[in-house]
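# Survey of secondary and tertiary structure
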Amino acid sequence: MSDFFRYFWIGFKDIWQYSITRNAMIFFSIAFFIIIFRRISIALRSGGSVFRPYHISGENFYIHNALYIFDRVIPLNEVKSIDVKRFRG
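Because the structure is a prediction, the values reported are computed rather than measured. (Residues numbered from 1 in each chain as written. Predicted model: local features only at pLDDT ≥ 70, side-chain atom pairs only at ≥ 80, totals over all residues. Heavy atoms only, no water.)

Taken in spatial order, the 3 strands line up as S1-S2-S3 in an open sheet, and their pairing is antiparallel. Strands at the two margins of the open sheet, each flanked by one partner only, are strand S1 (54-57) and strand S3 (73-75). This sheet shows a mean twist of 20 degrees between the axes of neighbouring strands, independent of strand direction. The pairing of strand S2 (residues 60-63) with S3 spans 3 bridges and is classified as antiparallel. Across the sheet, residue Tyr-62 finds its bridge partner in S3, namely Val-73. Running over the sheet, helix H2 (residues 19-46) touches S1, S2 and S3 and is turned about 160 degrees from S2. (Pairing = 2+ DSSP bridges. Helix = DSSP H or I, 4+ residues; strand = E, 2+ residues; numbered from the N terminus. Axes fitted to C-alpha atoms, helices over the stretch in contact; angles between N-to-C directions. Contact = heavy atoms within 4.5 Å.)

Looking at chain direction, S1 and S2 are connected through 4 bridges and run antiparallel. By the bridge assignment, Tyr-54 is partnered in S2 with Ile-63. Taking the residues that link successive antiparallel strands as the turn, the S1-S2 hairpin has 2 residues, and the phi of Gly-58 there is positive, at about 65 degrees.

A few words on the side chain of Ser-46. By secondary structure assignment, the location of Ser-46 is in helix H2. Among the polar contacts listed, one links the side chain of Ser-46 to the backbone oxygen of Ala-43, at a separation of 3.2 Å. Beyond its immediate chain neighbours, meaning those up to four positions away, Ser-46 contacts His-55, Ser-57, Tyr-62 and His-64. (Polar contact = N/O pair within 3.5 Å; in protein donor to acceptor, adjacent residues only side chain to side chain.)

The next point concerns a nonpolar patch on the surface. A cluster of nonpolar residues, Phe-32, Phe-33, Ile-36, Ile-40, Leu-44, Val-50 and Phe-51, forms a patch on the protein surface that exposes about 770 Å² of accessible area. Of note, Ile-36 is situated in helix H2. Residue Ile-36 is classed as partly exposed on the basis of its relative accessible area of 35%. (Patch = residues over 30% accessible without salt bridge, like charges linked within 9 Å, V, L, I, M, F, W, Y side chains within 5 Å. Areas by Shrake-Rupley, 256 points an atom, 1.4 Å probe, with all protein chains shown as cover. Salt bridge = Lys/Arg side-chain N within 4 Å of Asp/Glu carboxyl O. Buried < 20%, exposed > 50% of the residue type's maximum accessible area, 1.4 Å probe, protein only.)

Fine structural detail should not be taken from predicted coordinates in areas where pLDDT scores are low. Across the protein chain, the average pLDDT comes to 86, with 98% of residues at 70 or higher. H2 holds the highest mean pLDDT among the elements of the protein chain, 91, whereas S1 holds the lowest, 86. (pLDDT = per-residue confidence, 0-100.)

The next thing to look at is the side chain of Arg-72. Counting through the fold element by element, Arg-72 comes out in the loop between S2 and S3. According to the relative accessible area criterion, Arg-72 is buried, its value standing at 10%. There is a polar contact of 3.3 Å between the side chain of Arg-72 and the backbone oxygen of Arg-38. Filtering out sequence-adjacent residues up to four positions away, Arg-72 remains in contact with Arg-38, Ser-41, Ile-42, Phe-61, Tyr-62, Ile-63, His-64, Asn-65 and Ala-66.

Given below as structure tokens:
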């Protein structure tokens, strides 16, 4: 098993020398951490689970989707209807 990690590390060092792969890995790492941070921050505010797409708490509807760029906290008295569409893959 140690040979596997040694060869993996050697290959990783070789790939890291190319600027295109290094920049792509850095970009995807930063984007991943921003998405995780945004999702955890709204889940902590709502008191709901990180793994749920939304949560209703008190007088607010919280959207846990990290890629949603609009207001993710909506007062329930402003909501006329909620339509949840789930795509199965």
